[in-house]
Amino acid sequence: MLAIFDIGAMSPRPIRFKVLERGIKTTVRVTDIRRIEWLGAGGVTRIEYDCVTVNNGRQLNYKLLYFYNECKWELEVS
C-alpha cells in the first residue's frame, strides 16, 4: 500500500496498492474514495475507505481498512 500521511490530516490518503490475482501481481490505483468512516470496538480503531476504481476496463468496488494503532492495511473486495 502506498498512502500519503499529511501533517494535520485526520486520516491517511491511500494512493495505490498491489494485489496478487491468479499468480500475477497488479497495481491498482485508488481513484475514487466514496466514503471514509472511523470505526472502533474493543480498543481497536480502524478507518474504513469505501472505494471504486476502474482497472483494465472493469469497475472494482472494495474497502480498504486501516488499523490505526497497528499501522496495518487490509483489503476487502465486495
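Above this note sits the structure.
On a predicted model such as this, the values are computed, not experimentally measured, just so you know.

Reading the values: the criteria
- Starting from 1, residues in each chain are numbered consecutively following that chain's sequence as written.
- Only residues with pLDDT of at least 70 get local features here, since the model is predicted, and only at 80 or more are side-chain atom pairs given and counted; chain-wide, interface and lining totals rely on the full set of residues.
- Just so you know, side-chain values use all the structure's heavy atoms and leave hydrogens and water out.
- For two strands to pair, DSSP has to find at least two bridges joining them.
- Secondary structure is summarised from DSSP: a helix means a run of H or I of at least four residues, a strand means a run of E of at least two, and numbering begins at the N terminus for each.
- Residues enter a patch when their relative accessible area is above 30% and they make no salt bridge; the linking distance is 9 Å between like charges and 5 Å between nonpolar side chains (Val, Leu, Ile, Met, Phe, Trp, Tyr).
- Residue burial considers only the protein chains on display, and all accessible areas are found by Shrake-Rupley using a 1.4 Å probe.
- Whenever Lys or Arg places a side-chain nitrogen within 4 Å of a carboxyl oxygen from Asp or Glu, that contact is recorded as a salt bridge.
- Neither His nor the chain ends is counted toward charge; the positive residues are Lys and Arg and the negative residues Asp and Glu.
- A charge is said to be at NZ when it belongs to Lys, at CZ for Arg, at CG for Asp and at CD for Glu.

J.: Explanation requested: the pairing of strand S7 (residues 72–77) in the structure shown.
T.: Remember that side chains alternate between the two faces of the sheet whenever the strand is regular. As paired strands, strand S6 (residues 58–67) and S7 are joined by 6 bridges and run antiparallel to one another. Across the sheet, residue Tyr-62 finds its bridge partner in S7, namely Val-77. In textbook terms, the turn of a hairpin is the stretch between consecutive antiparallel strands, and for S6 and S7 this stretch comprises 4 residues, one of which, Cys-71, has a positive phi near 55 degrees.

J.: Hey, could you run me through a positive patch on the surface in this one?
T.: Taken together, the side chains of Arg-16, Lys-18, Lys-25 and Arg-29 present a region of like positive charge at the surface. At the level of elements, strand S2 (13–21) and strand S3 (24–29) are the ones that each hand at least two residues to the positive patch.

J.: Could you clarify how one ought to interpret a nonpolar patch on the surface in this entry?
T.: Taken together, the side chains of Met-10, Ile-36, Trp-38 and Tyr-68 present a nonpolar region at the surface, about 440 Å² in accessible area. Note that Tyr-68 resides in the loop between S6 and S7.

J.: Honestly, the pairing of S6 in this entry has me stumped. Any pointers?
T.: For strand S5 (residues 44–55) and S6, the ladder comprises 10 bridges, and the chain directions are antiparallel. Opposite Ile-47, over in S6, you have Tyr-66 as the bridge partner. Remark: 2 residues form the turn of the hairpin made by S5 and S6, two consecutive strands paired antiparallel; Asn-56 in that turn has positive phi of roughly 55 degrees.

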